[in-house]
Amino acid sequence: MLNPPKGTDVITVATRWEGTPQAIHAVEAGSKAAKPQHEAWGAKNPRLMRPVTGSGGLEVALYVTDFDSMEEYGRFWDQVSASEWYVQLQKDVAAAHPELRMAEQMVMYNAIAD
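Residues numbered from 1 in each chain as written. Predicted model: local features only at pLDDT ≥ 70, side-chain atom pairs only at ≥ 80, totals over all residues. Heavy atoms only, no water.

**Notes on the nonpolar core**
Our working rule: Take the buried Ala, Val, Leu, Ile, Met, Phe, Trp, Tyr and Cys residues and link them wherever side-chain atoms come within 4.5 Å; each set so joined is a nonpolar core. Residue burial is assigned from relative accessible area. The probe radius is 1.4 Å, only protein chains are included, and a residue is buried under 20% of its type maximum, exposed over 50%, and partly exposed in between. The helix and strand labels rest on DSSP assignments: H or I over at least four residues marks a helix, E over at least two residues marks a strand, and numbering proceeds from the N terminus. Any two residues whose heavy atoms approach within 4.5 Å are treated as being in contact.
Counting residues in hydrophobic clusters, the biggest one holds 19 residues, and the most contacted among them are W17, F67, Y73, F76 and L100. Sorting the residues of this core by element identifies β1 (11-19), α1 (21-40), β3 (60-67), α2 (70-81) and α3 (84-96) as the ones contributing at least two each. No other element matches the 4 residues that α2 contributes to this core. When residues no more than four places from it in sequence are discounted, the contact partners of W17 are I24, V27, E59, V60, A61, Y63, L89, V93, L100, R101 and M102.

Right, dumping it as structure tokens:
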């Protein structure tokens, strides 16, 4: 994984979900339920973004969180990956396939931060 340059303020993580409109509706409900747990584990500003324009339309959602550093994101991921919540998420996603797919996860930094 790339380490962002010093001076970048925020790490943003986006998980792209793809599926039927009904499956994406389930992602909305699950994201709303997961938000308090993710905040307790250190995620900042969890949100589920839906496209207004562009590709995907009703069949795409992006779950986005922010962290003050890669270290904070690492601590968050350590808690997620060791949790029963994550085990259940994996089971739920597998059961929902092919109507729902976790397409990708991007860890990003602001390359033009002051």
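**Description of the packing of aromatic side chains**
Test applied: Stacked, edge-to-face and tilted labels apply to pairs of Phe, Tyr and Trp rings (six-membered ring for Trp) whose centres lie within 6.5 Å, assigned for plane angles under 30 degrees, over 60, and everything in between, in that order.
Under the defined criterion, the tally for this structure stands at 6 aromatic pairs. Measuring from ring centre to ring centre gives 6.4 Å for W41 and F76, while their planes differ by 70°; the resulting arrangement is edge-to-face. With W41 in the loop between α1 and β2 (44-49) and F76 in helix α2, the pair connects residues that are 35 residues apart, well separated along the chain. In terms of burial, W41 and F76 fall into one category: buried. Centre to centre, the rings of F67 and F76 are 5.0 Å apart; their planes meet at 50°, and the pair counts as tilted. Assessed through its relative accessible area of 0%, F67 is described here as buried. Ring-pair connections join several aromatic residues into one group, and the members of that group are W41, F67, Y73, F76 and W85.

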